[in-house]
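Here is how the chains run, residue by residue.
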Amino acid sequence: MIVAEHLRGELRELTRELVTAAQQLSGPVTVAVIARDPTVFDVSFQGVDEIVNVPLGQEEFENDVYQTALEALIADRQPHAVLLGFTVNSMGYGPAVAAKLALGFASDVHGLALEGETVVATRSFYGGKVDAELEFPAERPVLLLVRPTAFAPAADGGNAPATEFAVELPPARARHLEFEEAAMGDVDITTADFLLSVGRGIGDKEAIPRFEQLADKLGAVLSVSRPLVDAGWMPNARQVGQSGKTVKPKVYLALGISGAVQHLAGMKTSDTIIAVNTDPEAAIFNVAHFGAVADLFDVAAELEKLS
Amino acid sequence: MKIVVCVKQVAVLGDEVEFTADARDVDPDFLDFALNEWDSYATEEALHIREDLGAEGDEVVVVSVGGAHVEDAMRRCLAMGADRAIRVDHSRPADPITVARLVAPVVQRESPDLVFCGVQSSDGVQAATGTALAELLDLPRVAVVTRIEWDPSAGRATVRRELEGGLLDVTEVDTPALLTIQTGINQPRYANLRAIKQAEQKQIAVVSPAEQGEPAYRVRRMFAPPKGEGAQILAGGPADIARRIREIVEERLK
Ligand SMILES: Cc1cc2nc3c(=O)[nH]c(=O)nc-3n(C[C@H](O)[C@H](O)[C@H](O)COP(=O)(O)OP(=O)(O)OC[C@H]3O[C@@H](n4cnc5c(N)ncnc54)[C@H](O)[C@@H]3O)c2cc1C
Ligand SMILES: Nc1ncnc2c1ncn2[C@@H]1O[C@H](COP(=O)(O)O)[C@@H](O)[C@H]1O
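Residues numbered from 1 in each chain as written. Chains lettered and ligands numbered in written order. Predicted model: local features only at pLDDT ≥ 70, side-chain atom pairs only at ≥ 80, totals over all residues. Heavy atoms only, no water.

### Structural notes on the environment of B:V125
How we decide: Counting from the N terminus, the helices are the DSSP runs of H or I reaching at least four residues and the strands are the DSSP runs of E reaching at least two. Residue contacts are counted whenever heavy atoms from the two residues lie within 4.5 Å of one another.
Examined against the element boundaries, B:V125 turns out to sit in the loop between β6 (114-118) and α4 (129-137). Remark: the alpha-carbon pair of B:V125 and B:Q9, spanning 116 residues in sequence, is separated by 13 Å. When neighbours within four sequence positions are excluded, B:V125 is seen to be in contact with A:F86, A:S107, A:D108, A:R123, A:V261, A:Q262 and B:Q120.

Following this line, the structure appears as structure tokens:
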């Protein structure tokens, strides 16, 4: 069983990926849609066997509501596996359901297989530098949070029957009030052809002007990883990643960025990725097309010299 | 007022990695240790709230699950200004639900007004322990919080929850509650040398682990990730690398 991911009336692409992930396991694929009016979301993708619509009195996500709905669905449908996206919403209720029902559990899963009857999941450890295969308690369902973009999206054109499922909801203890948009910035990094992107490897704030000048010289737009925004060195309109902007420039030149999963989520589909990092094991090299194991300041100094 | 902060001493991998003989984990000789980045923000936030709203006798208590060596990270929090520290003595690696089960009884005994966890640990990237712990404590919860306005007398807080793309969800939560704290919510303070010295003298309470039940997963095998198509390595010194970068850029932007 998967739970459809949607936000402000839009179904997320990740929902299709969850269908593909579920197909790595045996058994029918059920898509649960929890929303004020679940029928507005078209989740009839190839590979879906059943759609369960769970209508609510409200549109937006609240973790108590989703938790109650999912627990009722699990009790009713008895799935072997429940797949949710590794998203901020799912982080707010998935682990709670797993803890309450003592399910097998793993997050940020990027590989799935069935060996006999056993689910084997692959996830990363140590900041993406190491992968691990996990197995789960026998005879118990598993609840897995699946990494976005790890599985191909399922195609349109399914014809699964839909049923409605009613749940009794408790008053939420954490209530959605309103949304606040991320601040607009001076530049739009999503339209640049060439991004010079710097990370915590640049060391301190004093280094920023140097990279602004280098970007100018190279004809690039400067973007950054999250820690530079957290530290207040750069505005968040410049941030690449899951909680920043998703970019797809012709060239993404990353200096001193380790390649954390949330950073990669925002740039890994760039046409050409070049990474400079002193650590040969940095995860950024797993997605880069060109890599240099070098000190970024030495490389920057040489780039400055080129006319 | 009492705030409990769950903190983890995380492992940082160096430039080289080797695995243990059973291939289920990284050889500890290849690990360095540090206070989880997210937990330094969580600790700072707790101290900040105590300073802002607190009165005499209010406490910030840090709790960590781990062997004796994790006391280094706990002492960092004490040096920042936390009042007490409790370590749950458990030295095997554990899944997030097991960690939550180990922490829960300790937090329960403290009956705090707020519980903070980090959004995630930098080594585990589970982003799950806090939400699991809230369930075991039967607390309202909000994950990935970047701002807190708490009115203790009203038993409510208004918080900002950070979604994908930086969109903020303004959420009202009943307290006591558990919040998982995101980086950038504040600027964690540095402890000065005197505070670090004093923290070394402070007593850290050690408690035995409670019943954990069956783990939520078992690691079967750890391995170096496959290298995709593999980055083409730019060889030579910095000058050669810079020249090649410029060539690639010129070609790709054509
Ligand atoms: C919910 C959530 C959302 C997030 N959203 C984002 C997001 O949108 N964007 C984002 O970036 N992160 C995001 N993060 C944070 C992410 O997990 C990482 O913490 C962050 O990406 C790390 O940034 P970094 O690579 O610059 O720093 P680090 O991980 O500290 O890496 C610094 C790198 O620089 C290298 N280095 C150091 N010195 C040098 C030198 N002299 N020369 C060359 N290399 C050097 C080091 O080897 C290291 O690899 C998010 C986290 C969470 C939990
Ligand atoms: N061993 C531990 N001891 C105490 N708290 C922990 C431990 N592991 C994780 N946590 C808490 O859970 C948060 C999220 O970690 P994780 O779920 O492992 O990504 C951390 O920021 C800590 O607040």
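### A look at the site of ligand 2
All names here are of chain B. This is how the line gets drawn: It suffices for a single heavy atom of a residue to lie within 4 Å of a molecule or strand for the residue to be listed as near it. Throughout this description, a polar contact denotes any pair of N or O atoms lying within 3.5 Å of each other; where both atoms belong to protein, one of them has to be capable of donating a hydrogen while the other can accept it, and for residues adjacent in sequence the pair is counted only when both atoms sit in side chains. Note on areas: these come from Shrake-Rupley sampling with a 1.4 Å probe, and a residue is covered only by the protein chains present in the view. Three categories are distinguished: nonpolar for Ala, Val, Leu, Ile, Met, Phe, Trp, Tyr, Cys and Pro, charged for Asp, Glu, Lys and Arg, and polar for the others, with Gly belonging to the last.
Residues in close proximity to ligand 2 total 18 residues, the closest being C6, D39, V65, S121 and T129. One nitrogen or oxygen atom from the side chain of D39 is found 2.4 Å from an oxygen atom belonging to ligand 2. The separation between a nitrogen atom of ligand 2 and a polar main-chain atom of V65 is 2.9 Å. Burial of ligand 2 by the protein chains amounts to 97% of its free accessible area of 480 Å². Of all the elements in the fold, those that place two or more residues in the shell around ligand 2 are β4 (59-66) and β6. The element contributing the most residues to the shell around ligand 2 is β4, with three residues. Partitioning the shell around ligand 2 into residue classes produces nine nonpolar, seven polar and two charged.

### A word on α4(B)
Residue and element names in this part refer to chain B. So the rule is basically this: Classification of residues uses two cut-offs on accessible area relative to the type maximum, computed with a 1.4 Å probe and protein chains only: under 20% is buried, over 50% is exposed, and between them is partly exposed.
In terms of burial, α4 is largely enclosed, as seven of its nine residues are buried. Those residues of α4 not exposed but buried are G130, T131, A132, L133, A134, E135 and L137. One or two residues past the end of α4 sits D138, with phi positive at roughly 55°.

### What to know about the interface of chain A and chain B
Note the cut-off: A side-chain nitrogen of Lys or Arg and a carboxyl oxygen of Asp or Glu constitute a salt bridge if their distance falls within 4 Å. Should DSSP find at least two bridges between two strands, the strands are taken to pair.
Taken together, the contact between chain A and chain B spans 91 residues of the former and 85 residues of the latter. At the boundary of chain A with chain B, the tally comes to eleven salt bridges. Measuring nitrogen to oxygen at the nearest pair gives 3.1 Å for the salt bridge that ties B:R221 to A:E133. Linking chain A to chain B there are 44 residue pairs in polar contact (both at pLDDT 80 or more). The leading source of residues in the side of chain A that touches chain B is strand β12 (residues 174-180) of chain A, at seven residues. Taken together, the residues of the side of chain A that touches chain B break down into 43 nonpolar, 23 polar and 25 charged. As defined by bridge partners, strand β9 (residues 130-135) of chain A adjoins strand β12 (residues 218-223) of chain B across five bridges and the pair is classed as antiparallel.

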